[in-house]
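Residue-level listing of the chains:
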Amino acid sequence: MDSSPVCLDDFEEHAVRVLAQGPLGYFQTGADDEITLRENRRAFTRWKILPRVLRDVSSCDLSTTILGHRISFPVCVAPTGYQGDAHPDGEIATAQAAFEMNTCYTMSTMSSKSIEDVSSAAPAGLRFFQLYIFKQRDITKQLIRRAEKAGFNALVVTVDVPFLAKRRKDIRSKYTPSPQARTANFTHGLHDGPDGLHSHVAELIDPSLTWDDLTFFKSFTKMPVILKGILTAEDAKLAVQAGVAGIMVSNHGGRQLDTVPATIDVLAEVVAAVESKCEVYMDGGVRLGTDVFKALALGAKAVFIGRPVVYGLVYNGREGVKKVLQILRDELESSMALSGCANIAEIKSNLVRHLFMGKL
Ligand code: FNR
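None of the values given here were measured: they were computed from a predicted structure.

A. Expanded view of the overall build of the protein chain. Scanning the protein chain from N- to C-terminus turns up 13 helices and 12 strands. The C-alpha atoms of the protein chain give a radius of gyration of 19 Å, which matches the 21 Å a tight globule of 360 residues would have. Here the C-alpha coordinates of the protein chain stretch approximately 60 × 50 × 40 Å along the principal axes. The buried share of the protein chain, reckoned over its 360 residues, is 52%. Counted over contacts in the protein chain with a minimum sequence separation of 6, partners at least 24 positions apart contribute 73%.

Below you can see the structure in the form of structure tokens.
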């Protein structure tokens, strides 16, 4: 990039210029017609902010907690696979960037670096481990044990991938992670298949998973469990009954079932359904400080970002990811000050209104 990025979209533009078709397609792709992918962004524009004035915003406190851990601002890193195809340092750079920005990093099961290497690269950092539950239950249990031993603070169980959706860019490019990007978490039993990512992952994940299995895995670990991929009030209530510590309202960044709603549009329903019995987070299409503001106003404790972190890695490794987080932090601070909020608790639902549902 000739000039320094000033917003998150600038990082994607840079990635489009420098990455090969295979990795670029893998990072960018949604499922099928990519309707949900686009909707995740568009839906934010339909929510409007109603600012208050004359409320002393000379200093804004952006800090908050997730699962009792203090973070300096409510933007965390979502799990994304194969970061070695974005930058040789991959997940190590991402974990260090999140730690240096004092926020939470989530490591994907499908990481290019191992659980142990990522942990020792940022040993004091707040970190969650994202788990896919595999047909091979022994391997799943081993992953949980290793994450626990390596000091991960929570387990994020992804529940929206019983099968991998159809992602056209990956099919067309026959994307398969390059050797330095392949999954480092499996010492035996699981390996990247020769046929490319699509068929490989589909084969490994257990599509027979039910709420009962989840109860088993929950009892198997001391780590608090967050369910990632909830979009309905009904499932949110079942998640609460199952005793989860948190729910991630997510449609996998538009990469799984196409035409599901944007996450920002179902967030309030999920928040209402859980009746404060667990924390609720969201991801999907968060690119601006005003997006973060809207999600918090609608009840999210924090938001997570996926693709922008990958594009930050492409731009400049650890420093690039830090820059992405810093820009979003600064934009959130500005949104808060301009809407009369001096701290996170003041970002309430009366400060946002939906363009169609409201009377604007
Ligand atoms: C993902 N996501 C994801 N989720 C997960 O639970 N495990 C994973 O391994 C991955 N891998 C992955 C790779 C890539 C390239 C992307 C873009 C996404 C989904 C991710 O955690 C998150 O839900 C979305 O990325 C959020 O949407 P945005 O921020 O990318 O719009």
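B. Just the nonpolar core, in detail. Ile247, Val270 and Val303 are the most contacted members of the largest nonpolar core, which has 105 residues in total. The element contributing the most residues to this core is helix H13 (residues 307–339), with 13 residues. In this structure Ile247 touches Ile226, Leu227, Ile230, Ala236, Ala239, Val270, Val274, Cys278 and Val280, once residues within four positions along its chain are discounted.

C. Fine view of the packing of helix H12 (residues 289–297) against H13. Here H12 crosses H13 at 65°, and the two axes come no closer than 7 Å. Where H12 crosses over H13, the handedness of that crossing is right-handed. Contacts between H12 and H13 involve Gly289, Thr290, Val292 and Phe293 from the former and Leu328, Glu331, Leu332, Ser334, Ser335, Met336 and Ser339 from the latter.

D. The pairing of strand E8 (residues 225–230), seen in detail. The buried fraction of E8 is high, at six of six residues. The sheet contact formed by strand E7 (residues 154–158) and E8 spans four bridges and is parallel. From the neighbouring strand, Val157 faces E8, where its bridge partner is Leu227. Note: E8 against strand E9 (residues 246–249), four bridges, orientation parallel. For Ile226, the partnering residue across the bridge sits in E9 and is Gly246.

E. The site of the ligand, seen in detail. Within the structure, the ligand sits among 24 residues, and Ser108, Thr158, Gly253, Gly306 and Arg307 are positioned closest to it. When residues of the shell around the ligand are traced back to their parent elements, those giving at least two are helix H2 (21–28) and H13.

F. Molecular detail of the UniProt feature "active site" (unreviewed entry) in the protein chain. The feature "active site" (unreviewed entry), as given by UniProt, occupies His252 in the numbering adopted here. Its location among the elements puts His252 in the loop between E9 and helix H11 (263–274). The contact partners of His252, leaving out residues within four places of it in the chain, are Asp160 and Gly229.

G. View of the environment of Lys141. One can find Lys141 in helix H6 (residues 137–149). Here Lys141 falls in the partly exposed class, since 16 other C-beta atoms lie within 10 Å of it. As a C-alpha pair, Lys141 and Phe220 span 79 residues in sequence and 8.1 Å in three-dimensional space.

H. How the structure looks around the confidence of the model for the protein chain. Summing up the model confidence of the protein chain, the mean pLDDT is 95 and the portion of residues at 70 or higher is 94%. Across the interfaces of the predicted complex, the ipTM metric reaches 1.00, alongside a pTM of 0.97.

I. Representation of the environment of Ile92 in the model. Topologically, Ile92 is positioned in helix H4 (residues 90–100). Linking Ile92 and Arg318, residues 226 residues apart in sequence, is a C-alpha distance of 8.2 Å. Those residues in contact with Ile92, other than ones at most four positions away along the chain, are Lys113, Asp117, Val118 and Ala121.

J. Quick peek at the UniProt feature "binding site: glyoxylate" (unreviewed entry) in the protein chain. UniProt's feature table lists "binding site: glyoxylate" (unreviewed entry) at Tyr26, Tyr132, Arg167, His252 and Arg255, given in the numbering used throughout. Tracing the backbone shows Tyr132 in the loop between strand E6 (127–131) and H6. The residues touching Tyr132, leaving out its near neighbours within four places in the chain, are Thr109, Thr158, Val161 and Ile205. Along the chain, Arg167 falls in the loop between E7 and helix H7 (168–173). Setting aside residues no more than four positions away along its own chain, Arg167 makes contact with Thr29, Ala31 and Arg255.

K. Highlighting the pairing of strand E11 (residues 302–305). Where burial is concerned, the two faces of E11 agree: the one with Ala302 and Phe304 and the one with Val303 and Ile305 are both buried. In the sheet, strand E4 (residues 75–77) pairs with E11 via three bridges, with the strands oriented parallel. Bridge assignment links Cys76 to a residue of E11, and that residue is Phe304. Read from strand E10 (residues 279–283) through H12 to E11, the crossover connection turns out right-handed.

L. Seen up close, the packing of helix H1 (residues 8–18) against H13. At their nearest, the axes of H1 and H13 sit 10 Å apart, and the two run at 175° to each other. If you check the angle between H1 and H13, you find them roughly antiparallel. Of the residues in H13, those in contact with Leu8, Phe11, Glu12, His14, Ala15 and Val18 of H1 are Pro308, Tyr311, Gly312, Val314, Tyr315, Val324, Ile327 and Leu328. Of the residues in the contact of H1 with H13, the class split is 11 nonpolar, two polar and one charged.

M. Region of the structure containing H12. The buried fraction of H12 is high, at nine of nine residues. Turning to H12, its buried residues are Gly289, Thr290, Asp291, Val292, Phe293, Lys294, Ala295, Leu296 and Ala297. Gly299 lies just past H12 and shows a positive phi near 110°.

What counts and how
- Residues numbered from 1 in each chain as written.
- Predicted model: local features only at pLDDT ≥ 70, side-chain atom pairs only at ≥ 80, totals over all residues.
- Helix = DSSP H or I, 4+ residues; strand = E, 2+ residues; numbered from the N terminus.
- Rg over C-alpha atoms; globule rule 2.2 N^0.38 Å.
- Buried ≥ 20, exposed ≤ 12 C-beta atoms within 10 Å, placed from the backbone.
- Contact = placed C-beta atoms within 7 Å.
- Core = buried A, V, L, I, M, F, W, Y, C linked by C-beta atoms within 7 Å.
- Axes fitted to C-alpha atoms, helices over the stretch in contact; angles between N-to-C directions.
- Left-handed = near helix turned anticlockwise from the far one by under 90°.
- Pairing = 2+ DSSP bridges.
- Near = placed C-beta within 6 Å.
- UniProt positions renumbered as here; feature names shortened; annotations may be inferred.
- pLDDT = per-residue confidence, 0-100.
- Right-handed = clockwise from strand over helix to strand, strands pointing away.
- Parallel < 35°, antiparallel > 145°, perpendicular 65-115°, else oblique.
- Nonpolar A, V, L, I, M, F, W, Y, C, P; charged D, E, K, R; others polar.

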